[in-house]
Amino acid sequence: MPERRRRTVRDLRRANRSVLLRRLYFDGPLSRQDLARETGLSPASVSNVVGELIGAGLVVEAGSVESDGGRPRVLLKAAAGYGHLVGVDVGETRVVVELFDLALTRLAKADLPLGDGGHDERAVVRHILDGLPAVIDGASVDPASVIGVGVGVPGVVEHGPEAVVHCQTIGWDGVPLERMLREGTRLPLFVDNGATSLGQAEMWLGAGRGHRDAVVVLIGSGIGAAVMIDGSPYRGAAGSAGEWGHTTSRVGGARCRCGSRGCLEAYVGATALRERYRAAGGPAGTGEEAALAALLADPSAAAAALRDDVAEHLGAGIADLVNLFGPEKIIIGGWAGLLIGRRMLDRITAAAAAYALRHPFARTSVDLCRLGPEAVAVGAATLPLAHLLDGGDPAGARWPGGGPRGIMVF
Ligand SMILES: [Zn+2]
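The structure displayed is predicted, hence computed values, not measured ones.

(A) The arrangement of the nonpolar core in detail. Counting residues in hydrophobic clusters, the biggest one holds 56 residues, and the most contacted among them are W244, L292, L314, I318, I332 and I340. Residue contributions to this core peak at nine residues, all from helix α10 (residues 301-325). Lining this core are residues from two domains, each supplying at least three of them: domain 2 (84-197 + 375-389) and domain 3 (209-368). Those residues in contact with I340 that lie beyond four places of it in its chain are L273, L292, L296, V310, L314, L345 and I348. In terms of nonpolar packing, the next biggest core, distinct from the first, is built from 34 residues, V149, V157, C167 and V191 among them.

(B) Representation of the coordination of the zinc ion. Looking at the metal site, the zinc ion is ligated by H246 (ND1), C256 (SG), C258 (SG) and C263 (SG), spaced 2.0 to 2.3 Å from it. Taken together, the four donor atoms coordinating the zinc ion span angles of 106 to 119° at the metal, a pattern that classifies the geometry as tetrahedral. Along the chain, the residues that donate to the zinc ion are spaced as H-x9-C-x1-C-x4-C. Here H246 is found in the loop between β14 (232-233) and α7 (265-268), whereas its partner C256 is found in the loop between β14 and α7, with 10 residues between them in sequence. For C256, a relative accessible area of 6% translates into the label buried.

(C) Local environment of the packing of helix α8 (residues 270-279) against α10. Relative orientation of the contacting elements α8 and α10 amounts to 150°, with a least axis distance of 10 Å. What the angle tells us is that α8 and α10 run roughly antiparallel. The crossing of α8 and α10 is right-handed. Contacts between α8 and α10 involve L273, R276 and Y277 from the former and A303, L306, D309 and V310 from the latter. Partitioning the contact of α8 with α10 into residue classes produces five nonpolar, no polar and two charged.

Conventions used here
Residues numbered from 1 in each chain as written. Predicted model: local features only at pLDDT ≥ 70, side-chain atom pairs only at ≥ 80, totals over all residues. Heavy atoms only, no water. Core = buried A, V, L, I, M, F, W, Y, C linked by side-chain atoms within 4.5 Å. Buried < 20%, exposed > 50% of the residue type's maximum accessible area, 1.4 Å probe, protein only. Helix = DSSP H or I, 4+ residues; strand = E, 2+ residues; numbered from the N terminus. Domains from an automatic or database assignment. Contact = heavy atoms within 4.5 Å. Donors = N, O, S within 2.8 Å, 3.2 Å for Na, K, Ca; no water. Tetrahedral: all angles 85-135°; square planar, octahedral: opposite > 155°, others 65-115°. Axes fitted to C-alpha atoms, helices over the stretch in contact; angles between N-to-C directions. Parallel < 35°, antiparallel > 145°, perpendicular 65-115°, else oblique. Left-handed = near helix turned anticlockwise from the far one by under 90°. Nonpolar A, V, L, I, M, F, W, Y, C, P; charged D, E, K, R; others polar.

Here is the structure:
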């Protein structure tokens, strides 16, 4: 068979595998008949590919249902125990490493505060490399079963031959994170922006489920966003799209950590809010989470005025997103976003309505993330999962004609 034709056949098989696997993962259990009807693939193709997926251990039977007059139909679902996923959230104050099964059930967690080392890239890499055996051994999982390690980082991730991170606010200028991690692990690595990772997880499993166009905003110490267009993140020419935190909220305004002035992050990021609350009479020497919780509960007039200002800045920022992208949904996440949103979602939405154009605003809704304050680690775990569902298995193909699963060592 000519090489070109062989590749086409292989690509087609891979595409069919991906279609069926995604269907079973997100909508299973389903029967072979359901799969053929819903995907448009022939019953013979479905039967073939499903046979492969069962043979590889990725799909298992899940009971049966009676059919009209015929034989009972066997139901199928993706196998949660097929392998494991690691999700890493590189935050501003800590690195969180979590281990999941394929259904994204959390099996183990390592929380590694960054301390005085701050954002030194070597400290971050060391924490990630310490966290991997901590969760894998901690859950008594065979390292060979780990399909991949997803790493969600702040800033812009450039996806060249290897992932390089640019994050102006923490002083990362072209940090070769993937290469640095590669020196300490042979597990397959997937590095992406934390907000983008969170966005993918919310679209798949959270508040964005069933929608194609949404903006998922991440508010923590800093602020980011994932602009999801037709189900995929919009990345721009160099992967930097979605830096909502550094859009200008006030011309000539407060100095931002990025060096510019008046950025949204300089008003409503948790780092900025702690400083603003202190200037308004709040306590000194508290951490960001404690400061934000205190601000939200503070009955003083100064705190109330600051809360009003936060609602207005966030509302205006959300109105910008509505006017620019016309999404079906704006989803607010991140630990600070959830703290603020649970207390003030109505006011933020009212401010957004006041700033946005009526027509696009009437077709959108503002909601909170459903995957909780630690959704970035879940999101990071969806990076290797996406690769698997796309028909690839970074741990070494077990498909017919493929080699054995690779041996993983740390
Ligand atoms: Zn900025």
